[in-house]
Structures are given as C-alpha cells and as structure tokens.
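# Structural description and commentary
Listed here are the chains, written in short residue letters.
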Amino acid sequence: MLYLAWDIDGTLLLTNRAGYDALQEAISDYFFTKEPYVFKHTLAGCTDSSIIKEIVTDIKGSCTSGWAAGLLLKYEMYLKQNLKLHKGHLMPNVEKTLQYIQENDPDITNLLLTGNTTIGARDKVTEYGIARYFDFRHGGYGDLAEERDEVARILYTRLLIDGLIQQDETDKIIVIGDTPSDAKCAAAIGARCIIVLAGSEYKPEDFSDCPPWKIWEHLPDDPAEFIRELTES
C-alpha cells in the first residue's frame, strides 16, 4: 500500500486568494481593525495555526489560546463564504489523476498533509469537487500543530496507530507538495517527496537545502504514467 499525502494550496488547487481575503475579513471582524493586515513574509508552506499565532501576537502583544481559537473560527467562517465567491481552479491533471487512482489502484490511498485546518481543508476540496477521493481520518492538518514537520509526524502516527504501516515503512508515504516546507516535512518522517511546480512560487534551486525525490513541472498528463513514477525505486 502507498499513501499519497497531498498538500492543497498550489498543489491540488488555487483558490484565487479566497483564504487571504477570508483572513483579512476575520482579522477586521474579530479585532475591529480598519486597515488591512500586512503580513511580513509569504504564507506559502505555513500552517494556519502558526499564521493565526503570529497575527494575534502582532496585534495584541501576546497570544492566548482563546484569542487564537476565536480568530481561527472567524477565519473558517469567512473561508467558506469566500471559496464560493472566488473563481479558483484545480491544478492541471489533478482530478483525472485522483479519479484514476480511485478506479484502478486500490493499493494507493490519498491523504491530505496541509497547513490548512481540518475544517478548512475539507471545505476547500469539497468546494472544488475532489473530497470523495481522500481519506480524511488519517490526514495531517494545520490546526493540529504549528510546525509543518509536526503535522507530518501526526499523519505518520495516525497511520501507525491504525496498523496501516509499521515503524520501518515510511517509504510507503509519498508527500506531494509545492514548497520547501513540503520537502522538509517529508524528510522529517523519512518519506519521499514529489514537488510539483505548476502552482508554486518557488523554483527548482529553492529546494537545494532539502532536495525532494522528484521535481515535476506538473502532474503527468497520463495518470498511468503517474503511477509508474510512484513505483520506481
């Protein structure tokens, strides 16, 4: 059995800034601010919980669990609304690849390994019509830990607990993402990583610190080729 741990934003789909706008609305609503919040760095590869903590600390001077939980709930509420308003899209060959796996290869399970919250992740893949292809129970989500490496360890532990893999079988997990954080969290659990650049803001040279197993410009046009690539040693 292989477990494909997919990142969402930039890998499976692009929401056309639905998440960014939802976050701005949540900040304004929760903290009664008037000016748009200015982020100090890219949000790509970050977890929602780390982003929320940074915002709250910046605005309030410290971050309590209550403030973080309140802002996160507001964000999830506005995200659901913004996903319907923004015209994003799936990345090339995503849906036909997921469908092919579901219909032709019972030895491959699709999971989510994402910085999105559990609810946010489900809302995004549902809005874009691909939720049916994923096992949500064994995924790793950005409300479970602040660091992406820890999110990967949670996914790995969930598979271990249910006896789906053994301690020495991390090669059965393949992380598919678009940022150096995806490559690093795969390395943190001893998994392989495929970087897909089609929706990424990064270039191949940006992965030199933690080289992935493979770097592709986009998912293969032929899903059967995708499967063949996965089974290479």
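Every residue gets a number counted from 1 within its own chain, in the order that chain's sequence is written. Thresholds applied to this predicted model are a pLDDT of at least 70 for local features of residues and 80 or more for the giving and counting of side-chain atom pairs; totals over whole chains, interfaces and linings are not thresholded and use all residues. Hydrogens and waters are ignored; side-chain quantities use all the structure's heavy atoms.

### Points about unusual backbone geometry
Phi is positive for Asn16, close to 60 degrees, though the residue is something other than glycine. Counting from the N terminus, the helices are the DSSP runs of H or I reaching at least four residues and the strands are the DSSP runs of E reaching at least two. Inspection of the secondary structure puts Asn16 in the loop between strand S2 (13-14) and helix H1 (18-31). At Phe32, a residue that is not glycine, the phi angle is positive and equals roughly 55 degrees.

### Re the packing of helix H4 (residues 94-104) against helix H8 (residues 223-230)
When two helices pack together, their arrangement is captured by the angle between the axes and the distance separating the axes. Between N-to-C directions, angles span 0 to 180 degrees; the directions come from axes that are lines fitted to C-alpha atoms, helices contributing only their stretch in contact. Between H4 and H8, the least distance of the axes is 9 Å, while the angle of their chain directions is 70 degrees. Regarding the angle of H4 to H8, the classification is roughly perpendicular. Two packed elements cross with a definite hand, and for H4 against H8 that hand is right-handed. Across the interface between the two elements, Lys96, Thr97, Tyr100 and Ile101 of H4 pack against Pro223, Ala224, Phe226 and Ile227 of H8. When residues are grouped by polarity, Ala, Val, Leu, Ile, Met, Phe, Trp, Tyr, Cys and Pro land in nonpolar, Asp, Glu, Lys and Arg in charged, and all others, Gly among them, in polar. A breakdown of the residues in the contact of H4 with H8 according to their chemical character gives 6 nonpolar, 1 polar and 1 charged. The labels follow the angle: roughly parallel below 35 degrees, roughly antiparallel above 145, roughly perpendicular from 65 to 115, and oblique for the rest. Take the far helix as the reference: if the near one is turned anticlockwise from it by less than a right angle, the crossing is left-handed, and if turned clockwise, right-handed. The contact rule is simple, with two residues in contact once any of their heavy atoms fall within 4.5 Å.

### Here we look at helix H3 (residues 65-85)
To estimate the expected span of a helix, subtract one from its residue number and multiply by 1.5 Å. A rise of 1.5 Å per residue sets the reference length of H3, with its 21 residues, at 30 Å; its end C-alpha atoms lie 30 Å apart and thus fit the reference within 8%. In the core, the buried residues of H3 are packed alongside H1, helix H2 (48-60) and helix H5 (118-127).

### Details of the sheet that holds strand S1 (residues 2-6)
Overall, parallel pairing links the 5 strands, which are arranged S4-S1-S5-S6-S7 in an open sheet. Each edge of the sheet is formed by a strand with only one pairing partner; in this case those strands are strand S4 (108-112) and strand S7 (214-216). Pairwise comparison of adjacent strand axes, ignoring direction, gives a mean angle of 20 degrees for this sheet. In this sheet, strand S5 (residues 173-177) lies alongside S1 in parallel orientation, the contact comprising 4 bridges. Directly across from Ala5, in S5, lies its bridge partner Val175. Set on the sheet, H8 makes contact with S1, S4, S5, strand S6 (192-196) and S7; between it and S1 the angle comes to about 110 degrees. By the convention used here, strands pair only if DSSP detects at least 2 bridges between them.

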